[in-house]
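# Descriptive structure summary
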Amino acid sequence: MNGQKCCKDRHNCGPTKILPANHNPVAAAVTSHRHQIVGKNRGEESLTKSGRAFSSTAPQINNKTYLWARYNEMKRLVHDLIPPGVCNLLNPSTIYANNEVNLEEVDIYGFDYDYTLALYSSALDEMIYNKAREFLVQHYKYPEEISKYDYIPNFAARGLHYDIQKGLLMKIDAFHYIQLGTVYRGLKPVPDDEVMKLYGGSNHVPLHQVSGFYGKGPKMKQFMDVFSIPEMTLLAAANDYFISNDIEYDPEHLYKDVSDAIGMVHIKGYMYKWIMQDLEKYILRGDETYAVLHRLASQGKKLFLITNSPFSFVDKGMKYMVGKEWRDFFDVVIVQADKPHFFNDCIKPFRRLDSNGDLQWDRIKTLEKGQIYKQGNLVDFLKLTGWRGSKVFYFGDHLYSDLADLMLRHGWRTGAIVPELEMETKVVNTDQYAQGLTWLQALTGLLERMQMYRDPESKKVLQEWLKEREEAVTKNLFNPHFGSIFRTCHNPTYFSRRLCRFSDLYMASISCLLNYDLSYTFYPRRTPLQHEAPLWMDQLCTGSLDIERKAC
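Residues numbered from 1 in each chain as written. Predicted model: local features only at pLDDT ≥ 70, side-chain atom pairs only at ≥ 80, totals over all residues. Heavy atoms only, no water.

Moving on to the overall build of the protein. Scanning the protein for helices and strands turns up 20 helices and 22 strands. The burial tally for the protein puts 49% of its 552 residues in the buried class. Across the protein, the fraction of contacts at a sequence separation of at least 24, relative to all contacts at a separation of at least 6, is 74%. Entry remark: accessible area of the protein is about 27700 Å², with carbon and sulfur atoms responsible for 50%. (Helix = DSSP H or I, 4+ residues; strand = E, 2+ residues; numbered from the N terminus. Buried < 20%, exposed > 50% of the residue type's maximum accessible area, 1.4 Å probe, protein only. Contact = heavy atoms within 4.5 Å. Areas by Shrake-Rupley, 256 points an atom, 1.4 Å probe, with all protein chains shown as cover.)

Reading across from one edge, β5-β21-β20-β19-β7-β15-β16-β18-β17 is the order of the nine strands in this open sheet, with mixed pairing throughout. Edge positions in the open sheet fall to β5 (96-97) and β17 (350-353), since each of these has one partner strand only. With four bridges connecting them, strand β7 (residues 108-111) and strand β15 (residues 302-306) associate as parallel partners. Residue Tyr109 lies in a different strand from β15, and its bridge partner there is Leu303. (Pairing = 2+ DSSP bridges.)

Let's shift gears to the UniProt feature "active site" (unreviewed entry) in the protein. Per the UniProt record, the feature "active site" (unreviewed entry) sits at Asp112 and Asp114. Residue Asp112 is classed as buried on the basis of its relative accessible area, which comes to 6%. Those residues within four positions of Asp112 in sequence are excluded, and the remaining contacts are Leu117, Leu305, Ile306, Thr307, Lys339, Tyr394, Phe395, Gly396, Asp397 and Asp402. Its location among the elements puts Asp114 in the loop between β7 and β8 (119-120). Classification of Asp114 by relative accessible area gives buried; the value is 9%. Excluding anything up to four places from it in sequence, Asp114 contacts Tyr120, Phe227, Thr307, Ser309, Phe313 and Asp397. (UniProt positions renumbered as here; feature names shortened; annotations may be inferred.)

In this section: the nonpolar core. In this structure, Tyr109, Phe111, Tyr113, Tyr120, Leu124, Met318 and Phe330 are the most contacted members of the largest nonpolar core, which totals 87 residues. Residue contributions to this core peak at nine residues, all from helix α6 (residues 228-244). If sequence neighbours within four positions are ignored, Tyr120 has contacts with Tyr113, Asp114, Tyr115, Phe227, Ile275, Tyr282, Ile283, Leu284 and Phe313. In this structure, Met170, Met220, Tyr400 and Ala416 belong to the second largest nonpolar core, which totals 50 residues. (Core = buried A, V, L, I, M, F, W, Y, C linked by side-chain atoms within 4.5 Å.)

Within strand β20 (residues 413-417), five of the five residues are buried, leaving the element largely enclosed by the surrounding structure. One ladder, built from four bridges, connects strand β19 (residues 392-396) with β20; its direction is parallel. The partner of Tyr394 across the bridge, within β20, is Thr414. Tracing the backbone out of β19, into helix α14 (residues 399-410) and back to the parallel element β20 gives a crossover that is right-handed. Bridging between β20 and strand β21 (residues 505-507) involves three bridges; their strand directions are parallel. Opposite Ala416, over in β21, you have Tyr506 as the bridge partner. (Right-handed = clockwise from strand over helix to strand, strands pointing away.)

We now examine the packing of aromatic side chains. Counting across every chain of the model gives 44 aromatic pairs. The interplanar angle of 90° and the centroid separation of 5.1 Å between the aromatic rings of Tyr71 and Trp439 together place this pair among those described as edge-to-face. With Tyr71 in helix α2 (residues 63-81) and Trp439 in helix α16 (residues 431-450), the pair connects residues that are 368 residues apart, well separated along the chain. Residue Tyr71 is classed as buried on the basis of its relative accessible area of 9%. (Phe/Tyr/Trp six-rings, centres within 6.5 Å; stacked < 30°, edge-to-face > 60°.)

On the basis of which strands lie adjacent, the open sheet formed by five strands has the order β12-β11-β10-β9-β13 and antiparallel pairing. Edge positions in the sheet fall to β12 (188-189) and β13 (220-222), since each has one partner strand and no second. Summarising the sheet, strand β9 (residues 161-163) and β13 pair through three bridges and their orientation is antiparallel. Paired with His161 across the strands is Gln222, a residue of β13.

With respect to the helices and strands, the residue Thr493 is situated in the loop between α17 (456-471) and α18 (494-502). With relative accessibility at 2%, the residue Thr493 sits in the buried group. Reaching out from Thr493, the side chain makes a polar contact with the backbone oxygen of Ile485 at a distance of 2.7 Å. When near neighbours in sequence (up to four residues on either side) are disregarded, Thr493 contacts Lys171, Ile172, Asp173, Ala174, Ser484, Ile485, Phe486, Arg487 and Thr488. (Polar contact = N/O pair within 3.5 Å; in protein donor to acceptor, adjacent residues only side chain to side chain.)

On to the pattern of salt bridges, then. Throughout the structure, instances matching the rule amount to 19 salt bridges. A salt bridge links Asp315 to Lys319, with the shortest nitrogen-to-oxygen separation between them at 3.1 Å. Of this pair, Asp315 and Lys319 both sit in helix α11 (residues 311-321), separated by four residues, roughly a single helical turn. The exposure class assigned to Asp315 is buried, which follows from its relative accessible area of 13%. Among the ionic pairs, Lys460 bridges to Glu457, the shortest N-O distance being 4.0 Å. (Salt bridge = Lys/Arg side-chain N within 4 Å of Asp/Glu carboxyl O.)

The next subject is the packing of α14 against α18. Look at α14 against α18: their axes get within 9 Å of each other, and the N-to-C directions meet at 40°. By the angle class used here, α14 and α18 are oblique. Contacts between α14 and α18 pair Leu399, Tyr400, Leu403, Ala404, Met407 and Leu408 from the former with Tyr494, Phe495, Arg498, Leu499, Arg501 and Phe502 from the latter. (Axes fitted to C-alpha atoms, helices over the stretch in contact; angles between N-to-C directions. Parallel < 35°, antiparallel > 145°, perpendicular 65-115°, else oblique.)

Taken together, the side chains of Glu100, Glu104, Glu105 and Asp517 make up a negatively charged region of the molecular surface. Here Glu105 is to be found in the loop between β6 (101-102) and β7. (Patch = residues over 30% accessible without salt bridge, like charges linked within 9 Å, V, L, I, M, F, W, Y side chains within 5 Å. Lys, Arg positive; Asp, Glu negative; His and termini not counted. Charge placed at Lys NZ, Arg CZ, Asp CG, Glu CD.)

What follows is about the confidence of the model for the protein. Of the residues in the protein, 83% reach a pLDDT of 70 or more, and the chain-wide mean stands at 84. Confidence drops under pLDDT 50 across residues 1-56; counting only partners more than four residues distant or on other chains, this segment forms 68 contacts. Confidence over residues 535-552 falls short of pLDDT 50; this stretch has 46 contacts with residues more than four positions distant or in other chains. (pLDDT = per-residue confidence, 0-100.)

Right, dumping it as C-alpha cells:
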C-alpha cells in the first residue's frame, strides 16, 4: 500500500514510501524519529523479524550532525511559516474575553473614574515621583542627595512584586516563581545565583505566606495599578542611593516611608490640583469617554460611578470630558467610596453632598439620580438599587480594589482597563516578535524530543539550545528591565493570572466599547490545554501528535 513493501507479519520492512504532495517535512522527521531506539545510535539499531536479528547497514550519522540538521530544518520551516509583513493582525482597540459575555443581557454599566473614565498622560507619573521625593527629603529627613535621582520613565511596570524585607523589586509568574533576570536591588539587577541564595536555594516564593488576598502582606507587596509606577521607581532610587554609598539602612523602614510619601501626594491633594489646573495636559481622549457614555445612555442603559476620588476633582474632569451636564448620564454617583472596603465591608453609611460638595446629615433611604453620595457600602447599594448579578457590568483598572470582590462575591460582570495593551499590541504585531515567538515554540519542541541523546557531544548541543531558548525570549521588546506585564519567559505572570481570574473582559480603554454593538456576545478563545493537540510548532516537534497514523 502507498508503495510500501510489507512483510507477512504486517510490519513495514522496506522504506520505499512514495511521499504525498502535501508532505510535511516536520511531521516526516518526527515520524521517522519515533522508530529510533532510545539510548542507541542510529547505526546500532537492531530489528527482530521472525526470530532473526539484523543489524542496520545504513551509514552511521554522527548524533551532533543529526541534531544540528534537525535544528536547521526547523529554522527554515519557521521562516517559511511566518513570511515578513504578515503579522500586523491585532487591533489595539480589541476587547479580549476571559469569559463568555452577552452584552444584550447587561442593563447597568458602572465605572471607576481614574484610569477608567479618565486616562492620564505619563507626565503625571513624573510629577507624583518628584513631589514624593521632596516629601521623603524634607518631611522624613532623608539625605539631600536622593533629590539628584531623576524620574526614570519606563523603569518599572505594573504587576511587579516588592520584597519589603529584602528591598527587591521583581516579576513573579502565575506559579509563584521569580523570573530570573528581573530582580532589582535599587537600579541594578541582582545576579541569578544570588537570588537563589536569598530565597533558600529556590526561586519559588510561597506568596500565600507572605502576601494577602489584595496583594499586600508583611513581606511582599504587589503593585497593581498605574498609579504605583512612581512609587516603584522611587523605591528603586532610594534603595540605590543607600547601596551605592554603602550606608546601612532598614529596607522595611524605607518601604513604609516611601509609601507614606506617595500617599501624601494624594491625601494633600497635590495630584488633584495639578490635573485640575491643566486638564488638557493630563487628561487624554476625553471625547471618547463622552462617546461611550452617550451611546450607553441613549440606548436605555443605566449608568453609575463609584470612585475613591473627591467630588470637586471628578466634577471638573467630567465637565472637561463630557460637559457641564455630565451628571445627567448617571443614575448614581458615589465619590470617596474607599474601595476595596466599599465592596467588602458594611460599616460606612452613605452621606449625601449638596451642590457645593458639603456633607448633608439626612438619612439616605434612596439613591437618586442627580445627587452625589459619599462613602457607603455595597450591601446598602444593592438594597437601595436592586441591581444584582450578571446584568451589572463594572469597569475599573485595579484588579483587586475594583474587580475581585464584585466577581467572586456578587457575580457582577467585570471589565479590566489595561492601558499597557496598546503598546504591547504594537510589539506583538511586529515581524520580530512573531518570528521570535514561533521559533521559541519550535526550539522548545526540539529540546523536549531530542533530550534522549545523552552522549557528551549531544549534551553540548542541547546546552547551546537551552541557552538560546533563554536568550530568545522577547523581554527586551517590551520593558527592557521587566519585559511584558502579561508573560515571564515561558509562563503567564502573576498579574496575568489575576487578570484572567477577576475580569470577564479586558481592554486598553473603555473607548473599545465603541467598536461593538450592545447586543454583541464575546466568546473566549478555546486556548489549548497541554493534553489537547492543536497544530502548534512545538507539538509537531515533540511527536505529541499521532502524525504517523494520520500520515498513512
